[in-house]
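So the chains spell out like this:
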Amino acid sequence: MELTPAMQEFILHWGEMGSRWGVNRSVAQVHALLHLSPDPLHAEEITEALGIARSNVSTAVRELESWGLIRVSRQLGDRRDHFTSERDLFEVVRLVVEGRRTREFLPTLRAVEAARALADGDGKTPKEVIARMRETHEMMEMFDTWYAQVAKLPRGTQMNLLKLGARIAKLLPKSG
């Protein structure tokens, strides 16, 4: 696959953003390439297009598969696996958000909850600290409950909420 300067820029930026979000740069670049590619690519094509080691491609593909961001397919007469990015951008965002929630937010929520419970019963933690822990836990729970409720809404409703944006405030009672 011949990469144009615009494609190279997209892939490089995607890789840079991935590294800022805690994703290996090569993984993010492989995802960007597959996202842009009109056809499925096999590992050798990915290696050649990005100029990265075959082992990095294999690692990247496994990680992207674990997130559900790419699919593997086979082509008649070719024994190699071919990879395609999830084409539905709404689904890509949903998978990333849900993956980060599962891997990062929920363990942190449980850790804060456990620390708060420990502080509640230890008789040593200052009341102000316990109050701050409780406030942190309650806010995190509120965000997680909100996310879980929105995630259960039909996709069309979620899209309408996204399009509505901050204008939703007009439907809510005024608050100070």
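Preceding this paragraph is the structure being described.
Just so we're clear, the structure is a prediction, and the values are computed from it rather than from any experiment.

Engineer: Teacher, can you tell me more about the overall build of the protein chain here?
Structural biologist: Broken down by element type, the protein chain carries 7 helices and 3 strands. Moving toward the C terminus, one meets the helices and strands of the protein chain in the order α-α-β-α-α-β-β-α-α-α. Over its C-alpha trace the protein chain gives a radius of gyration of 22 Å, far above what one expects of a compact globule, namely 16 Å for 176 residues. Each principal axis of the C-alpha distribution contributes one length, and for the protein chain these read about 65 × 45 × 30 Å. Across the 176 residues of the protein chain, 31% fall into the buried class. Relative to all contacts within the protein chain whose residues are 6 or more apart in sequence, the contacts with residues 24 or more apart total 52%. Accessible area of the protein chain: about 11,800 Å², with a carbon and sulfur share of 59%. Each charge sign in the protein chain was given a centre, from 25 positive and 24 negative side chains, and these centres are 5 Å apart.

Engineer: Is there a simple way to explain the pairing of strand β2 (residues 70-75) in this structure?
Structural biologist: Regular strands show a simple pattern: their side chains alternate between the two faces of the sheet. Pairing geometry for β2 and strand β3 (residues 78-85), over 5 bridges, is antiparallel. Paired with I70 across the two strands is S85, which belongs to β3.

Engineer: Got a minute to help me understand the nonpolar core in this structure?
Structural biologist: Within soluble globular proteins, side chains that are nonpolar tend to cluster in buried spots. Counting 24 residues, the largest nonpolar core has V30, L33, L34, I46 and L50 as the members making the most contacts within it. Ignoring sequence-local partners within four residues, the contact set of L33 consists of M1, L3, I11, L41, I46, A49 and L50.

Engineer: Looking at this model, I keep getting lost on helix α2 (residues 25-36). Mind explaining?
Structural biologist: For an α-helix, the turn length of 3.6 residues means that residues three or four places apart are oriented alike. Taking 1.5 Å as the rise per residue, α2 with 12 residues should run 16 Å; its terminal C-alpha atoms sit 17 Å apart, in good agreement. α2 sits mainly inside the fold: 9 of its 12 residues count as buried. Those residues of α2 lying buried are S26, V27, A28, Q29, V30, H31, A32, L33 and L34. The opening residue of α2, the one whose side-chain oxygen lies 2.7 Å from the backbone nitrogen of S26, is N24.

Engineer: Would you take a moment to explain the sheet that holds strand β1 (residues 41-42) for this structure?
Structural biologist: Each strand in a sheet pairs with another by means of backbone hydrogen bonds, the pair being arranged parallel or else antiparallel. On the basis of which strands lie adjacent, the open sheet formed by 3 strands has the order β1-β3-β2 and antiparallel pairing. Each edge of the open sheet is held by one strand with a lone partner, namely β1 and β2. Of the strands in this sheet, β1, β2 and β3 touch α2, which is tilted by about 90° from β3.

Scoring rules and cut-offs
- Just so you know, the residues in each chain are numbered from 1, in the order the chain's sequence is written.
- Residues qualify for local features only when their pLDDT is at least 70, as the model is predicted, and side-chain atom pairs are given and counted only at 80 or more; totals for whole chains, interfaces and linings, by contrast, use all residues.
- The side-chain numbers reported here are obtained from all heavy atoms of the structure, hydrogens and water having been left aside.
- Put simply, DSSP H or I for four residues or longer makes a helix, DSSP E for two residues or longer makes a strand, and each gets a number counted from the N terminus.
- Restricting the calculation to C-alpha atoms gives the radius of gyration, and the globule rule supplies 2.2 Å times the number of residues raised to the power 0.38.
- Summary of the burial criterion: residues with accessible area below 20% of their type's maximum are buried, those above 50% are exposed, and those between are partly exposed, where the area comes from a 1.4 Å probe applied to protein chains only.
- Note on contacts: a residue pair qualifies if any of its non-hydrogen atoms lie within 4.5 Å across the two residues.
- The protein chains shown are the only cover counted for residues, whose accessible areas, like all others here, come from Shrake-Rupley with a 1.4 Å probe.
- Under this rule, positive means Lys or Arg and negative means Asp or Glu; His and the chain ends count for nothing.
- Note that the charge is assigned to NZ on lysines, CZ on arginines, CG on aspartates and CD on glutamates.
- What makes two strands pair is DSSP finding at least two bridges between them.
- To qualify as a nonpolar core, a set must consist of buried Ala, Val, Leu, Ile, Met, Phe, Trp, Tyr and Cys residues joined through side-chain atoms within 4.5 Å.
- Any helix carries an expected span of 1.5 Å times its number of residues minus one.
- Nitrogen and oxygen atoms within 3.5 Å of one another constitute a polar contact, given that in protein one can donate a hydrogen and the other can accept it, and given that sequence-neighbouring residues count only through two side-chain atoms.
- Between N-to-C directions, angles span 0 to 180 degrees; the directions come from axes that are lines fitted to C-alpha atoms, helices contributing only their stretch in contact.

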